[in-house]
Amino acid sequence: MKRSITNILFKEWEWVLASCPGSFDDILQKDLSILTWDIHESTKFNYADPHVTEIGGKSYIFCEKISKIYKKGEIEYISEDEFHNEDTRNFKKFLREPYHLSFPIVNSIDEEYLITCESSEADGLIGWKFDDDFNVNEKLSLINKPLIDPVIFSTNDTYYLLGSIRIKKQEYKFTVHYSTDLKNWKEIPPRDIKTSSQSSRNAGGFIFSDREIYRLSQILEPSYGSGIEINRIVSLSRSEYIEEKVKEIRPVDIVSGKYDGLHTLTASKNKIYVDLRYSKIDLFAFPKKIIRRIRKYLYLPK
């Protein structure tokens, strides 16, 4: 009880990005602890939910920037080259809304790019279309459901939308929807969805490797951010979704010491990126938590 009160009053969580040389094949085949990981900490903000994608033929990292006071997320981006040069590591602003944004995922659609984020505070899934110069040309309301960590994937003239709906604090209902136009969605019945035992919230975008498709999911036991499962998609159609677990990654598999949380993974051709969590004592933690509740209340749909 004493420890719980201490955590409420003085404990804060911090998120940082980490990277290492390698590819998704290395993640599948190697012991991650033997890889050389670089931790990229920021004194001003937390960074989480990295997502690597190509824009105009160049590789970029999109991620969530989190205010240390409000814990409200915005979306920023940086080229891979700039990220790995401390002298040029300057994230650029991309999306900022009155509500919290996190978990950016980019898809190439109709000669444009579509970025989706977790926007559950807006009580629905929002998408933004942008061009090679990062100019946002259109804002779309995709589905009126407060999906957590949504991922859109396109194949065979069908868009699939995978996300979770919060039941209570760390309990979620995993859902799969499909559409032909990004507007009219149909949900696959839960009885036709088979996920691995701990699988619910997504932990990054779909990854393609050796003609296979993999979904990354978060391990929520014993607590939020306990690790990532890698799941091979066995079947994805308008009538069913089936996956099987192939590997589990815990924070200790990557780095030891103060880092005890992990919930997003992405990879480019020769780099792997994750986010890592650690806790610290902050004498102003409790007032900050009150401010966050007020902010959340003001922006949640009434």
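Residues numbered from 1 in each chain as written. Predicted model: local features only at pLDDT ≥ 70, side-chain atom pairs only at ≥ 80, totals over all residues. Heavy atoms only, no water.

## Observations regarding the confidence of the model for the protein
Link 1 in the chain: Mean pLDDT over the protein works out to 91, with 97% of the residues at or above the 70 mark.
Link 2 in the chain: Averaged pLDDT values over the elements of the protein bottom out at 74 in helix 1 (residues 2-10) and peak at 98 in strand 14 (residues 186-187). (pLDDT = per-residue confidence, 0-100. Helix = DSSP H or I, 4+ residues; strand = E, 2+ residues; numbered from the N terminus.)

## With respect to the pattern of salt bridges
Link 1 in the chain: Counted by the stated rule, this structure contains 23 salt bridges.
Link 2 in the chain: Where Lys68 meets Glu14, a salt bridge forms, and the shortest distance between an N and an O atom there is 3.3 Å. Taken together, the residues span a long stretch of sequence, with Lys68 in the loop between strand 4 (58-67) and strand 5 (73-79) and Glu14 in strand 1 (residues 11-21) at a distance of 54 residues.
Link 3 in the chain: Its relative accessible area of 2% is what places Glu14 among the buried residues.
Link 4 in the chain: The network of salt bridges with common partners includes Lys65, Glu74, Glu76 and Arg96. (Salt bridge = Lys/Arg side-chain N within 4 Å of Asp/Glu carboxyl O. Buried < 20%, exposed > 50% of the residue type's maximum accessible area, 1.4 Å probe, protein only.)

## Re the sheet that holds strand 2 (residues 38-40)
Link 1 in the chain: Taken in spatial order, the four strands of this open sheet run 2-1-21-20, and their pairing is antiparallel. Of all strands in the sheet, those with a lone pairing partner are strand 2 and strand 20 (261-267), marking the two edges. The mean angle between the axes of side-by-side strands here comes to 30°, regardless of whether they run parallel or antiparallel.
Link 2 in the chain: Bridging between strand 20 and strand 21 (residues 271-281) involves five bridges; their strand directions are antiparallel. Residue pairing for strand 21: Leu265 is matched across the bridge by Val274. (Pairing = 2+ DSSP bridges. Axes fitted to C-alpha atoms, helices over the stretch in contact; angles between N-to-C directions.)

## Considerations on the packing of aromatic side chains
Link 1 in the chain: Summed over all chains, the structure comprises 20 aromatic pairs.
Link 2 in the chain: Arranged with centres 4.1 Å apart and planes meeting at 5°, the rings of Tyr77 and Phe134 form a pair that is stacked. Pair noted here: Tyr77 is in strand 5 and Phe134 is in the loop between strand 9 (125-130) and strand 10 (136-143), with a separation of 57 residues, a long-range link. In this structure, Tyr77 and Phe134 share a single accessibility class: buried.
Link 3 in the chain: Seen from their ring centres, Phe83 and Phe91 are 6.1 Å apart, and the 75° between their planes marks the pair as edge-to-face.
Link 4 in the chain: Sitting over the ring of Phe45, Lys65 keeps its end group 4.2 Å from the ring centre.
Link 5 in the chain: The lysine or arginine in question, Arg89, covers the ring of Phe83, its NZ or CZ lying 5.3 Å from the ring centre. (Phe/Tyr/Trp six-rings, centres within 6.5 Å; stacked < 30°, edge-to-face > 60°. Lys NZ or Arg CZ within 6 Å of the ring centre and 35° of its normal.)

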